[in-house]
Every structure is written in C-alpha cells, then in structure tokens.
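For reference, the chains in residue letters:
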There are 2 protein chains.
Amino acid sequence: MEPRSADPITAAVEVLGDRWTLLVLRDVIFADRRYFRALLTGSPEGIASNILADRLKRLLDAGLLTRGTAARGQRARFDLTEAGIRTLPILCALGDWGHDFRPGDAGEQEPIAGPARIEELMADLRVRHLGAEPFGGAGAG
Amino acid sequence: MEPRSADPITAAVEVLGDRWTLLVLRDVIFADRRYFRALLTGSPEGIASNILADRLKRLLDAGLLTRGTAARGQRARFDLTEAGIRTLPILCALGDWGHDFRPGDAGEQEPIAGPARIEELMADLRVRHLGAEPFGGAGAG
C-alpha cells in the first residue's frame, strides 16, 4: 500500500512539481493535444521525444491521464481523468501569477478565469475527455 | 531587455515548475522558515544544502524573495516580495488537489482556504514580510 503523504501540498508537488509535466498538461487541457505526435510537434518549448514519453508515463501512472486502446494501425488517444481535469485551477492560478509578474507586464490584471468560468471549463473537459453529457442533456451535443 | 513570455502559464511554470522551489516556498510561507539554517534543518524532505542554496538564489533572482542585510555575525533573513506572497493561491490550489487525489484520501474535500481566507493569509504575510501595517492600523500590532 502506498504511504499517504503527510501534507496535501507536498503530495501534489510530488506529482505536479515539474516543468515538463505542467507544460504537457497545459497542452492537453488548453490546446486539446491528445496524441503523442501532436504533443511532440505542437510543443512551443520543443519537448524532446524521450522527455514527453517519460512525462506521459508518469501522468498515466499517477492517474491523471488514461490511454485509449487503439485499433490496429491507429494511434492511442490520451484522455484526462477527473484528477487530470482538476489540475485546471492550478494551471489558472499559475497563469494569474504569470500574468501579474512576468517581465514586461504592467502589474495586476484580471484573473484568467474566475471560479464560475473554471467550473465551466472543467465541465467542458468532462464532456470531451470523460464522455460526460453536455449541460443541457441528451440531444444538446 | 528580457523577452516577454508568450503565455502567462508558461512564464509562471518557468519560475515555479520545480519540486524544490515549491517546497521551499511552502516552508517560507506556511512554516515561517526565514533563515537558510531553518530551511535546511526543518525540511521534511531533507533538502540538500547545495539544492537549497540554488533554489534560494533562483527565488532571489526571479524577485520572489529578498535577503536582508545581516549585521556582523548575524544571519540574513529572507523576506517574501509581493510576487512571492502571491504564490499562495497556487500553493492552495496544489493543496486542494492533493487533498482530493493523494493516495488514501476519500475524495473531494473542503478547500484548504476559500478566496477570502487566501486574502487574509496574504495580508498577514505582507505584515510579516513587507512590514505592512496590520489591519486595524497603528497600535494594533
């Protein structure tokens, strides 16, 4: 049995305290890159193929992503789990900080997304990654 | 002139996307460890001295910490800047995620701190690190 970490911030940092992990999640969540090739070639930071493979494996092992079974000759698509979707508030908090403090910016700005908008974005990710019903029910999508 | 990063999440990840950086900030913010020795010996993860020195230098260079000038024979104290204080919402978002998804936990829990409590905690950090007046004005502290 895996030991339960002493404090929740530390537990999260063990999974998410890594530059490439966060950038891969950013690309899956905000750029809808769901395939290895799309993540590799679309990465603005030019992620190396072995680093991408390692971070995807870590995200699968930690239960933030699942990999669909691919039909013969097709590539496997990555889906976010609920734990993966719920990293969105962390990425938004990082974005708000970056907005306010990156070099060249003028200071405090409006948040990227308020709490209600974050909930909307997560609901949308649940539709696209978990097959949840769109808000409005059957027939809406 | 430093180039302005393309997107704010990426800009934040460049500074904060590192396990030890986040753990040092956690210790300064939540455990009030303000001295090199306290950060070294108090670290539950057993941070190595060279790693701690490197991450403190990065935090100073990135403008998240300042180091007070120490009198002869005294140690220098680290203070958070406003940019350092404003990492609190990121740490709280990480904590909320860790709370909900670390192994052994039962699922979704109350947030570590809601928006109003986060503002209070940041106001308290401004008093202790930036010498701001406590709420209530002169004579309150």
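Calculation rules
- Sequence order as written defines residue numbering, which begins from 1 separately in each chain.
- The lettering of chains begins at A and the numbering of ligands begins at 1, in the order of writing.
- Reporting in this predicted model follows two pLDDT cut-offs: at least 70 for local features of residues, and 80 or more for side-chain atom pairs to be given and counted; totals over whole chains, interfaces and linings ignore these cut-offs and use all residues.
- Here the side-chain values reflect all heavy atoms present in the structure, with hydrogen atoms and water set aside.
- Secondary structure is summarised from DSSP: a helix means a run of H or I of at least four residues, a strand means a run of E of at least two, and numbering begins at the N terminus for each.
- Note on classification: 1.4 Å probe, protein chains only; a residue is buried when its accessible area is under 20% of the maximum for its type, exposed when over 50%, partly exposed between these limits.
- Residue contacts are counted whenever heavy atoms from the two residues lie within 4.5 Å of one another.
- Under the convention used here, a 1.4 Å probe and the Shrake-Rupley method define accessible areas, while residue burial counts only the protein chains that appear.
- Centres within 6.5 Å are what make two rings of Phe, Tyr or Trp a pair, Trp counting through its six-membered ring; a difference in plane orientation under 30 degrees is then read as stacked, over 60 as edge-to-face, and the rest as tilted.
- Look at NZ for Lys and CZ for Arg. If either is within 6 Å of the ring centre and within 35 degrees of the ring normal, a charge sits over the ring.
- pLDDT gives the predictor's per-residue confidence on a scale running from 0 to 100.
- To superpose the copies, least squares is applied to the C-alpha atoms of every residue with a pLDDT of at least 70 in both.
- Every case where a carboxyl oxygen of Asp or Glu lies within 4 Å of a side-chain nitrogen of Lys or Arg is listed as a salt bridge.
- Multiplying 1.5 Å by the residue count of a helix minus one yields the expected span of that helix.
- Within this analysis, the arc is defined by the directions that extend from the helix axis to the C-beta atoms.

## Re the overall build of chain A
Helix and strand counts for chain A come out as 7 helices and 2 strands. Element order for chain A, N to C, with α for helix and β for strand: α-α-α-α-β-β-α-α-α. The buried share of chain A, taken over its 141 residues, is 41%. A separation of at least 24 residues holds for 50% of the contacts in chain A among residues at least 6 apart in sequence. Element-wise, carbon and sulfur atoms account for 52% of the exposed surface of chain A, whose accessible area totals about 7,500 Å².

## So, the side chain of Thr21 of chain B
Residue and element names in this part refer to chain B. Its location among the elements puts Thr21 in helix α2 (residues 19-30). Its relative accessible area of 2% is what places Thr21 among the buried residues. If near-sequence neighbours (up to four positions away) are discounted, Thr21 is found in contact with Val15, Leu16, Arg55 and Leu59.

## Section: the packing of aromatic side chains
Residue and element names in this part refer to chain A. Counted under the stated rule, the structure contains 2 aromatic pairs over all chains. Ring plane angle 45 degrees and centroid distance 5.5 Å describe the contact between Trp97 and Phe101, whose orientation is recorded as tilted. With a gap of 4 residues between them, Trp97 and Phe101 both fall in helix α6 (residues 88-101), about one helical turn apart. Accessibility expressed as a relative area gives 26% for Phe101, which makes it partly exposed. In this structure, Arg75 packs its charged tip against the face of Tyr35, placed 4.9 Å from the ring centre.

## Regarding the confidence of the model for chain A
Per-residue confidence for chain A averages 88 on the pLDDT scale, and 88% of its residues sit at or above 70. Under the prediction, the complex receives an ipTM of 0.89, its pTM being 0.89.

## Looking at unusual backbone geometry
Apart from glycine, the bulk of residues carry a negative phi angle, and the bulk of peptide bonds sit in the trans form. Located in the positive-phi region is Asp32 of chain A, a residue other than glycine, with phi close to 50 degrees. Locating Asp32 of chain A in the fold gives a position in the loop between α2 (19-30) and α3 (36-42).

## Considerations on the relation of the copies chain B and chain A
Of the transformation superimposing chain B on chain A, the axial component is 0.0 Å and the angular component is 180 degrees, with the fit at an RMSD of 0.0 Å. Both copies are brought into coincidence by an operation consistent with a two-fold rotation axis. Judged by C-alpha distance, Asp18 of chain B is the residue of chain B that lies nearest the rotation axis, at 2.4 Å. Of the residues that chain B buries at the interface, 100% are likewise interface residues in chain A, meaning the two copies contact each other through the same surface.

## Some points on the pattern of salt bridges
All names here are of chain A. Counted under the stated rule, the structure contains 36 salt bridges over all chains. Among the salt bridges present, the one from Arg26 reaches Glu45, with a minimum N-O distance of 2.8 Å. Of this pair, Arg26 sits in helix α2 while Glu45 sits in the loop between α3 and α4 (49-61), and the two are 19 residues apart along the sequence. Residue classification places Glu45 among the partly exposed positions, given a relative accessible area of 22%.

## A short note on the environment of Ile47 of chain A
Residue and element names in this part refer to chain A. Mapped onto the elements of the fold, Ile47 is located in the loop between α3 and α4. C-alpha separation for the pair Ile47 and Phe36, spaced 11 residues apart in sequence, amounts to 11 Å. If we skip the residues at most four places from it in the chain, Ile47 touches Trp20, Val24, Leu39, Leu40 and Leu52.

## Topic: helix α4 (residues 49-61) of chain B
Helical geometry: 3.6 residues make up each α-helical turn, so side chains three or four residues apart lie on a common side. Residue and element names in this part refer to chain B. Its 13 residues place the ends of α4 18 Å apart at the C-alpha level, agreeing with the 18 Å of an ideal helix rising 1.5 Å per residue. Of the residues making up α4, those classed as buried are Leu52, Arg55, Leu56 and Leu59. Down the axis, α4 shows its buried residues gathered within 100 degrees of arc, on one side only. The exposed set on the far side of α4, more than 90 degrees from its buried face, consists of Asn50, Lys57 and Asp61. Buried positions along α4 lie against α2, α3 (36-42), β1 (65-67) and β2 (78-80). A positive phi of about 80 degrees marks Gly63, the residue just after α4.

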